[in-house]
Structure formats: structure tokens, C-alpha cells
Amino acid sequence: MSYAFVNKPAVTFDIEDVVDYYISINPELATVFLDRVEEAKKYIADFPLAFQIKYKNVRTVLLKQFPYHIHYIVDDSKKQIVVLAIIHAYKNPKDYSNR
């Protein structure tokens, strides 16, 4: 069962903000962050239902090494994984649920 990834438009801004932040500290951190996002997405693609629902059918996965969660829903009817946000672990996810 293969699912396609669909990012909500705001996800691009989420990633750009985090990458800009890590570039300002150390450009290598930005590269590692992007690698961790890709690793998490691969795991989600392989096991889309592996993570528990946190709110409103939204599942989250914490990135390795970084305090960021990928918030996503699984749309079985369209065979899609819809990424809603990539946000810092300490932010309120309810602020991002209507994206």
C-alpha cells in the first residue's frame, strides 16, 4: 500500500524558517535537519499508522536530534499522507490544525 505525500502550503514556510535558523548557527545543522525530515517522511511512508493520533485525526512524529514534530493525517480514500506542519515540540499544535 503506497501513499503519496502532500504538503500543505505552509509546510514549505515551516521548513524554510527552521533551515534559516539552523544556517545562522551552523550550516551543517540545516543539512542534518533536512536529512532528518526525509528520514521521518520515509518512515511515515512505510508505516503511516504507526504513530498515535494526537488531535483531530492528526498524527505526529518527532524528528531525531531535533525538537520538531511532523504533523500529518492519513487520507486512506486518496492514499495520501497530508503533512500539515513541521513545528517546534513546544508550540501548541492546535494553532496549526486549520492550515
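Residues numbered from 1 in each chain as written. Predicted model: local features only at pLDDT ≥ 70, side-chain atom pairs only at ≥ 80, totals over all residues. Heavy atoms only, no water.

1. Some thoughts on the pairing of strand E3 (residues 58–62)
So the rule is basically this: We call a residue buried when its accessible area falls under 20% of the maximum for its residue type, exposed when it is over 50%, and partly exposed in between, using a 1.4 Å probe and counting protein chains only. To qualify as a helix, a DSSP run of H or I must reach at least 4 residues; to qualify as a strand, a run of E must reach at least 2; elements of each kind are numbered from the N terminus. A pair of strands is treated as paired once DSSP finds two or more bridges between them.
Judged by how many residues are buried, E3 sits mostly within the fold: four of five residues are covered. By the bridge criterion, two bridges tie strand E2 (residues 53–55) to E3 in an arrangement that is antiparallel. Paired with Ile53 across the two strands is Arg59, which belongs to E3. Between E2 and the antiparallel strand that follows it, E3, lie two residues; Lys56 among them carries a positive phi value of about 40 degrees. Sheet topology places E3 next to strand E4 (residues 68–75); four bridges connect them, and they run antiparallel. When the bridges of E4 are listed, Leu62 appears paired with His69. Linking two consecutive strands that pair antiparallel, namely E3 and E4, is a turn of five residues; a positive phi of about 75 degrees is found at Gln65 within it.

2. A look at the pattern of salt bridges
Side-chain pairs of opposite charge can arise where the charged atoms are in close proximity. Which entries qualify depends on this criterion: Here, a salt bridge means any side-chain nitrogen of Lys or Arg that lies within 4 Å of a carboxyl oxygen of Asp or Glu.
Scanning the model with the defined rule gives two salt bridges in all. The residue Arg36 makes a salt bridge to Glu39 at a minimum N-O spacing of 2.8 Å. Of this pair, Arg36 and Glu39 are both found in helix H2 (residues 27–46), three residues apart, which corresponds to roughly one turn of the helix. With a relative accessible area of 37%, Glu39 lands in the partly exposed category. A salt bridge links Asp46 to Lys42; its shortest N-O distance comes to 3.1 Å. With Asp46 and Lys42 both in helix H2, this residue pair falls four residues apart, about one helical turn. With relative accessibility at 44%, the residue Asp46 sits in the partly exposed group.

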